[in-house]
Amino acid sequence: MSALQILHRDAGSRARAGILRTPHGDIRTPAFIPLATKATVKGLEPREVAALGYDIVLGNTFHLFLEPGAELVERFGGLHDFMGWQQPIITDSGGFQVFSMGHGTVADEIKGRAPSGPDRIGRVLSIEEEGVRFRSYIDGSERFMGPETSMEVQAKLNSDIALVFDECTPFGIDREYTARSTERTHRWLDRCLAWHDEHGPPGQLVYGIVQGGVHEDLRIESAQQIAARPVDGIAIGGSLGADKPQMYEVVGWAISALDDARPRHLLGIGDIDDLVRGVELGVDTFDCAMPTRLGRHGVAIVPDPERRWRVDLTAARHREDEAPIMEGCPCPACGNGHSRGYLRYLLKNRELTGVRLLTLHNLAYVARLMTGLRAAIAGGTLSAHAADLRAGAAP
Ligand SMILES: [Zn+2]
C-alpha cells in the first residue's frame, strides 16, 4: 500500500493533495521541505519551524556522515532526538554532494552557486562501480561512499524517508555519459534496496531517484526502471535543464512515466513559480535551500513576479523605509511591525536577529503558499489560484 493517501485531485492538471504517512507522523501534501542540512534549519529552533506550519525537514547524509558522523548521531538516538525535532525527516543520499565535488559544476549549475576554487580540500578521487572515493572537505582524509554506505548512514540517522544513492550528472555532460551513468544509478538502486531489505530501520520509506538528464528517452526509461522497483516513492533529480521551460518539460516527462499511487519528490527546486508549476505537474514534495539561503543573504520573498519574488533588503533605498517586508504578512518579522529600515540596519551590521527574522519571513511565505495550494486543490480552484499567484497575488 502506498504511504501516500490522495484525498483530492485537480481536474485541470496532475495536481493532487493528500497525506503522506511516515513513522514520525503525517505530512500534508503538496509540501515544501525546509533544509536542516547539518541537523538544524539554520538559525531556527525546531519549535519555530513547526510553528510556521512545516511537517518535515531534510537532513543531509553527506555532511552528517563527515561531521559529526552517523555513529555519534545514532548514539543520541538518531537524528530526531539529536536535533530535537520529533516530526518526519527525509535524508538525501549524499550522491548530489559527492558528485558535486567530482563534476565540479553540478551544484553550481543546479543550485546557482559560485564555483568552488581550486584550493578546496574536498575532491573526488575515483568514481567506480563500487562507489566513490573522495577527500573530506573537513580534514582532507580519504573517505568512501557507495550505495550501502549511504543506506547505512541513513539507517543510523533513522530518517523517515531515505533517498537511494545516485550519480548526479551536470547539465553540460554528453548523452552517452548520461546514459551510462543513469544505468549505474539503476544498479545502485538495486544494491540500496537489497541493503535496506536486510538492515533498514522498520518503517523507513525508500525513494528511488529518476536520472536521465535532459534527454526525453533517457528520463522516461529511468522513470520506468525506478517505478518497476519496490520503492516507496520516487524522486526526480539531476540536471533539469538550462531554463524553467526546459525544467518543466523534463519533470513532465518523468512524471508521465510514473504510476499515480506513489509519492513524488522534486529535488532542489523551490522558486515560487516553480513550486506552483511543480504542484500542477503532480509533484507531492519539494526541498530547496532557496528560502533559508536568501534570508541569510538579506533577500526577502515578496509577491513580485517582475523581480522573481525577491527584494534585497540590504539595498540603500530601504534605509528610511518604515513599511514591513510585506503588508498583512503574519510572520514574526512583519507581524511584530519590524520595518524594512530596521531590518536593513540589522543585516548591514550582521546582527543575527536580522538573519533570523528574514529566514522566518521567507519560510512563513512558502508555508502559506503550500497551504493555499493544498486548499485550492481541495476546493477545485487550483487553476484560478495559480494564475493569481503568477500575477503577484499574496499567498
Ligand atoms: Zn513577513
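Keep in mind the model is a prediction, meaning the values are calculated, not measured. (Residues numbered from 1 in each chain as written. Predicted model: local features only at pLDDT ≥ 70, side-chain atom pairs only at ≥ 80, totals over all residues. Heavy atoms only, no water.)

A.B. asks: Any chance you could explain the coordination of the zinc ion here in plain terms?
C.D. replies: Geometrically, a metal with four donors at the corners of a regular tetrahedron has ideal angles of 109.5 degrees, and one with six donors at the corners of a regular octahedron has ideal angles of 90 or 180 degrees. In this structure, Cys329 (SG), Cys331 (SG), Cys334 (SG) and His361 (ND1) serve as the protein donors to the zinc ion, at separations of 2.1 to 2.3 Å. In this structure, the zinc ion is surrounded by four donor atoms whose angles at the metal cover 107 to 113°, and the resulting shape is tetrahedral. Mapping the donors of the zinc ion onto the primary sequence gives the spacing C-x1-C-x2-C-x26-H. Note that cysteine 334 is positioned in helix α13 (residues 332-335) and histidine 361 in helix α15 (residues 352-379), a separation of 27 residues in sequence. For cysteine 334, a relative accessible area of 8% translates into the label buried. Overall, histidine 361 belongs to the buried group, its relative accessible area being 0%. (Donors = N, O, S within 2.8 Å, 3.2 Å for Na, K, Ca; no water. Tetrahedral: all angles 85-135°; square planar, octahedral: opposite > 155°, others 65-115°. Helix = DSSP H or I, 4+ residues; strand = E, 2+ residues; numbered from the N terminus. Buried < 20%, exposed > 50% of the residue type's maximum accessible area, 1.4 Å probe, protein only.)

A.B. asks: It is not clear to me how unusual backbone geometry should be interpreted in this structure. Could you clarify?
C.D. replies: Residue proline 30 is reached from threonine 29 by a cis peptide bond, and omega for that bond is -5°. Its place among the elements puts proline 30 in the loop between β3 (25-29) and β4 (31-33). A cis geometry characterises the amide bond from glutamate 67 onward to proline 68, with omega recorded as 10°. Along the chain, proline 68 falls in the loop between α2 (61-66) and α3 (70-75).

A.B. asks: Hey, could you run me through helix α16 (residues 382-390) in this one?
C.D. replies: Residue pairs three or four apart in sequence face the same way in an α-helix, which turns once every 3.6 residues. For α16, the full list of buried residues reads Leu382, His385, Ala386 and Leu389. Seen from one end, α16 has its buried residues packed into an arc of 100°, which puts them on one side. Buried residues along α16 sit against α11 (272-281) and α15. In the segment just after α16, glycine 392 is the residue with positive phi, at about 105°. (Arc of directions from axis to C-beta. Contact = heavy atoms within 4.5 Å.)

A.B. asks: Would you mind showing me how to read the sheet that holds strand β1 (residues 4-9) here?
C.D. replies: Within a beta sheet, neighbouring strands are joined by backbone hydrogen bonds and run either parallel or antiparallel to one another. Strand order in the open sheet made by the three strands is β1-β2-β3, with antiparallel pairing throughout. This sheet does not close on itself; its edge strands, each paired only once, are β1 and β3. On average, each strand axis in the sheet is inclined to that of its neighbour by 15°, with strand direction left out of account. When strand β2 (residues 16-22) meets β3, the two strands line up antiparallel, connected through five bridges. Bridged to arginine 21 within β3 is aspartate 26. (Pairing = 2+ DSSP bridges. Axes fitted to C-alpha atoms, helices over the stretch in contact; angles between N-to-C directions.)

A.B. asks: Help me out: how do you make sense of the packing of helix α7 (residues 147-157) against helix α8 (residues 175-199) in this one?
C.D. replies: Angle between the axes and distance between the axes are the two parameters that describe a pair of packed helices. Where α7 meets α8, the closest approach of the two axes is 8 Å, and the angle between their N-to-C directions is 40°. Regarding the angle of α7 to α8, the classification is oblique. The handedness of the crossing between α7 and α8 is right-handed. Along the contact surface, α7 presents Pro147, Glu148, Met151, Glu152 and Ala155, while α8 presents Trp188, Arg191, Cys192, Trp195 and His196. For the contact of α7 with α8, the residue count by class is six nonpolar, one polar and three charged. (Parallel < 35°, antiparallel > 145°, perpendicular 65-115°, else oblique. Left-handed = near helix turned anticlockwise from the far one by under 90°. Nonpolar A, V, L, I, M, F, W, Y, C, P; charged D, E, K, R; others polar.)

A.B. asks: I'm lost on the packing of aromatic side chains in this one. Help?
C.D. replies: Working definition: an aromatic ring pair is given by the centre-to-centre distance plus the angle between the planes. A complete count under the given rule lists eight aromatic pairs for this structure. Seen in terms of ring centroids, phenylalanine 62 and phenylalanine 134 are 5.5 Å apart; in terms of plane orientation they differ by 45°. Their pairing is tilted. Taken together, the residues span a long stretch of sequence, with phenylalanine 62 in helix α2 and phenylalanine 134 in strand β8 (residues 132-135) at a distance of 72 residues. Here the two residues phenylalanine 62 and phenylalanine 134 agree in accessibility, since each one is buried. Here phenylalanine 99 and phenylalanine 165 contribute two aromatic rings whose centre-to-centre distance is 6.3 Å and whose plane-to-plane angle is 40°, an arrangement assigned as tilted. (Phe/Tyr/Trp six-rings, centres within 6.5 Å; stacked < 30°, edge-to-face > 60°.)

A.B. asks: Honestly, α11 in this entry has me stumped. Any pointers?
C.D. replies: Of all ten residues that make up α11, nine are buried, and the element is covered over most of its length. Ile272, Asp273, Asp274, Leu275, Val276, Gly278, Val279, Glu280 and Leu281 are the residues of α11 that are buried. Just downstream of α11, glycine 282 is the residue with a positive phi angle, here 100°.

A.B. asks: Would you mind showing me how to read the pattern of salt bridges here?
C.D. replies: In a structure, side chains of opposite charge can pair up when their charged atoms sit close to one another. Across all of its chains, the model carries 28 salt bridges by this definition. With its nearest N and O atoms 2.9 Å apart, the salt bridge here joins glutamate 71 to lysine 156. With glutamate 71 in helix α3 and lysine 156 in helix α7, the pair connects residues that are 85 residues apart, well separated along the chain. For the salt bridge of arginine 175 with aspartate 217, the shortest nitrogen-to-oxygen distance reads 2.8 Å. (Salt bridge = Lys/Arg side-chain N within 4 Å of Asp/Glu carboxyl O.)

A.B. asks: Sorry, what's going on with the confidence of the model for the chain here?
C.D. replies: In this model, the chain carries a mean pLDDT of 94, and residues with pLDDT of at least 70 account for 95%. Counting contacts from residues 105-119, a segment whose pLDDT is below 50, to residues more than four positions away or on other chains yields 29 contacts. (pLDDT = per-residue confidence, 0-100.)

A.B. asks: Help me understand the pairing of strand β7 (residues 123-127), please; the structure alone is not making it clear to me.
C.D. replies: Within a regular strand, the side chains alternate between the two sheet faces. The sheet contact formed by β7 and β8 spans four bridges and is antiparallel. Considered in β8, the bridge of valine 124 is made with phenylalanine 134. Counting the residues that bridge the hairpin from β7 to β8 gives four residues.

A.B. asks: What exactly am I supposed to notice about the side chain of arginine 191 here?
C.D. replies: With respect to the secondary-structure elements, arginine 191 resides in helix α8. Only 2.9 Å separates the side chain of arginine 191 from the backbone oxygen of glutamate 130, close enough to count as a polar contact. Among all residues touching arginine 191, those that are not within four sequence positions of it are Glu129, Glu130, Pro147 and Glu148. (Polar contact = N/O pair within 3.5 Å; in protein donor to acceptor, adjacent residues only side chain to side chain.)

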